Amino acid sequence: MANQWQRAVMVPSWIRWLPCSFAYLTVVPDQHGFSRKAWSMLPWDKAVWCDPGSVDDWVAQAQSHHPRREADHAELQAREHYDRVVRVRAARVELFTEMCRRRGLPVPHTLEELLSCLVGFGLFEMDGEWLTPRLEQNPIEVLPLAGNEIVDEERAQQDDRTVLVAITVRALAERTRPRWRRRQVTTDLRAFAAALRMPEGEVRRSLARLVEVAGVHVHPPPFAARDRVRLTIPWPAFARRFPFDDLPAPEHAV
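Residues numbered from 1 in each chain as written. Predicted model: local features only at pLDDT ≥ 70, side-chain atom pairs only at ≥ 80, totals over all residues. Heavy atoms only, no water.

Chemist: What is the right way to look at the overall build of the protein chain in this model?
Modeler: Scanning the protein chain from terminus to terminus reveals 9 helices and 8 strands. Projected onto the principal axes, the alpha-carbon positions of the protein chain cover approximately 55 × 55 × 45 Å. Considering only contacts within the protein chain whose residues lie at least 6 apart along the sequence, 63% involve residues at least 24 apart. For the protein chain, the exposed surface amounts to about 14,500 Å²; the carbon and sulfur share of it is 52%. (Helix = DSSP H or I, 4+ residues; strand = E, 2+ residues; numbered from the N terminus. Contact = heavy atoms within 4.5 Å. Areas by Shrake-Rupley, 256 points an atom, 1.4 Å probe, with all protein chains shown as cover.)

Chemist: What should I look at first to understand the nonpolar core in this one?
Modeler: The tendency in soluble globular proteins is for nonpolar side chains to be buried as a group. Grouped together as the largest cluster of nonpolar side chains are 35 residues, with contacts concentrated most on W14, F22, L25, W39 and F121. Listed by contribution, the elements that provide at least two residues to this core are α1 (14–17), α3 (71–103) and α4 (111–121). Here this core gets 6 residues from one element, more than from any other, and that element is α4. Once you skip the residues sitting within four places of it in the chain, W39 turns out to touch W5, Y24, L25, V27, V28, P29, F34, W44, L115, F124 and L131. (Core = buried A, V, L, I, M, F, W, Y, C linked by side-chain atoms within 4.5 Å. Buried < 20%, exposed > 50% of the residue type's maximum accessible area, 1.4 Å probe, protein only.)

Chemist: Looking at this structure, how should I read unusual backbone geometry?
Modeler: In terms of backbone geometry, most residues other than glycine have negative phi values and most peptide bonds are trans. A cis geometry characterises the amide bond from H219 onward to P220, with omega recorded as -10°. With an omega of 10°, the peptide bond running from W235 to P236 counts as cis. Summarising the element assignment, P236 is placed in the loop between β8 (228–234) and α9 (237–241). Of note in the backbone geometry, R197 takes a positive phi value of approximately 50° without being a glycine.

Chemist: For this particular structure, what's the right way to read the pattern of salt bridges?
Modeler: Where side chains of opposite charge bring their charged atoms close, a pairing between them can arise. For the structure shown, the criterion picks out 20 salt bridges. Two residues, R134 and E136, come together in a salt bridge whose shortest N-O distance is 3.1 Å. Overall, E136 belongs to the partly exposed group, its relative accessible area being 39%. (Salt bridge = Lys/Arg side-chain N within 4 Å of Asp/Glu carboxyl O.)

Chemist: When you look at the confidence of the model for the protein chain in this model, what are you seeing that I'm missing?
Modeler: Keep in mind that low pLDDT regions are not for reading the predicted coordinates in detail. On average, the protein chain scores 93 in pLDDT, and the residues at 70 or more come to 99%. At the level of individual helices and strands, the protein chain shows its lowest average pLDDT in helix α7 (residues 189–196), which scores 91, and its highest in α4, which scores 98. (pLDDT = per-residue confidence, 0-100.)

Chemist: So what exactly am I meant to see when it comes to a nonpolar patch on the surface here?
Modeler: A cluster of nonpolar side chains, namely W5, V27 and M41, defines an oily patch on the protein surface of about 280 Å² accessible area. Within the fold, M41 resides in the loop between β3 (34–35) and α2 (55–64). (Patch = residues over 30% accessible without salt bridge, like charges linked within 9 Å, V, L, I, M, F, W, Y side chains within 5 Å.)

Chemist: Would you explain the sheet that holds strand β6 (residues 182–188) in this entry?
Modeler: Across a sheet, strands are paired by hydrogen bonds formed along the backbone, either parallel or antiparallel in direction. What the 3 strands build is an open sheet, ordered β6-β8-β7; its pairing is antiparallel. Either end of the sheet is taken by a strand with one partner, and the two such strands are β6 and β7 (217–219). Looking at each pair of strands side by side, their axes are set apart by 20° on average, direction ignored. Here helix α6 (residues 148–174) sits on the sheet and contacts β6 and β8; the angle it forms with β6, its principal contact strand, is near 110°. α7 contacts β6 and β8 of the sheet and is inclined by roughly 90° relative to β6. (Pairing = 2+ DSSP bridges. Axes fitted to C-alpha atoms, helices over the stretch in contact; angles between N-to-C directions.)

Chemist: What exactly am I supposed to notice about the layout of surface pockets here?
Modeler: Leftover empty space is mapped by rolling, across the atoms, a probe with the size of a water molecule. In this structure, the largest pocket encloses a volume near 950 Å³. Taken together, 34 residues form the lining of the largest pocket, with R7, M10, V11, P12 and L164 sitting closest to its centre. At the level of elements, α6 and α7 are the ones that each hand at least two residues to the lining of the largest pocket. Of the residues belonging to the lining of the largest pocket, the class tally is 20 nonpolar, 6 polar and 8 charged. As a volume, the second largest pocket reaches approximately 420 Å³. Around the second largest pocket, the lining comprises 15 residues; the ones closest to its centre are D159, D160, V163, L247 and A253. Every element with two or more residues in the lining of the second largest pocket is listed here: α6 and α8 (200–214). Element by element, the count of residues in the lining of the second largest pocket is highest for α6, at 5 residues. For the lining of the second largest pocket, a count of residues per class yields 9 nonpolar, 1 polar and 5 charged. (1 Å grid on protein atoms, 1.4 Å probe; cavity = no way out; pocket = protein on both sides within 12 Å on 5 of 7 lines; lining within 4 Å. Points joined across faces, edges and corners; volume = space filled by probe spheres on them. Nonpolar A, V, L, I, M, F, W, Y, C, P; charged D, E, K, R; others polar.)

What follows is the structure in structure tokens.
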């Protein structure tokens, strides 16, 4: 029987915590357990963190999209962007390393080692050659967080949910009739929440947040609406702000 490849059921916030190569381990042939042989094609020697490459390559790429007279400005912007990405990446590496240290797990450097690390965290169960994904667990319940770190993670997860709602809103808006400076979407909150596997209350909270930070107008207001709402979305500014198809790793969202 052919494998039915699918995205593992998971809390999206793991994208913030785990190294970039974790994405390989989010596609599984079976949610309830499978032989590791099904993953025989994975690049097990691949480094766990993405390499941002050379800043000179970033500069050359930026300058190629600007007139020669703007070369200096393009170089400055590219170097500033590169520095921000490298700082965010370094902070993520340091934080994940600290989580491994607290749990007494070796810090992984390859995809092979990352899988062993996630087994140690309980995010995969391993019985011989058989694997079962357990990515539906919340990072707050799995990671050795303490004190304000738990509060910070709760806030970050709310931000994650807001971005996921925004991505879905943008995708809906892209399918509507083009209008100058705004687009309108009518949606059912229950269906919206079901599609995102998110509690309806969290969808309402995220829409209220998008009213505050992204200029989305919701009628009736998110916490007053019973079922259907009409969203008026500033366009194309909203699309430029949320261009992703999935929740991105922090350094890829800079």
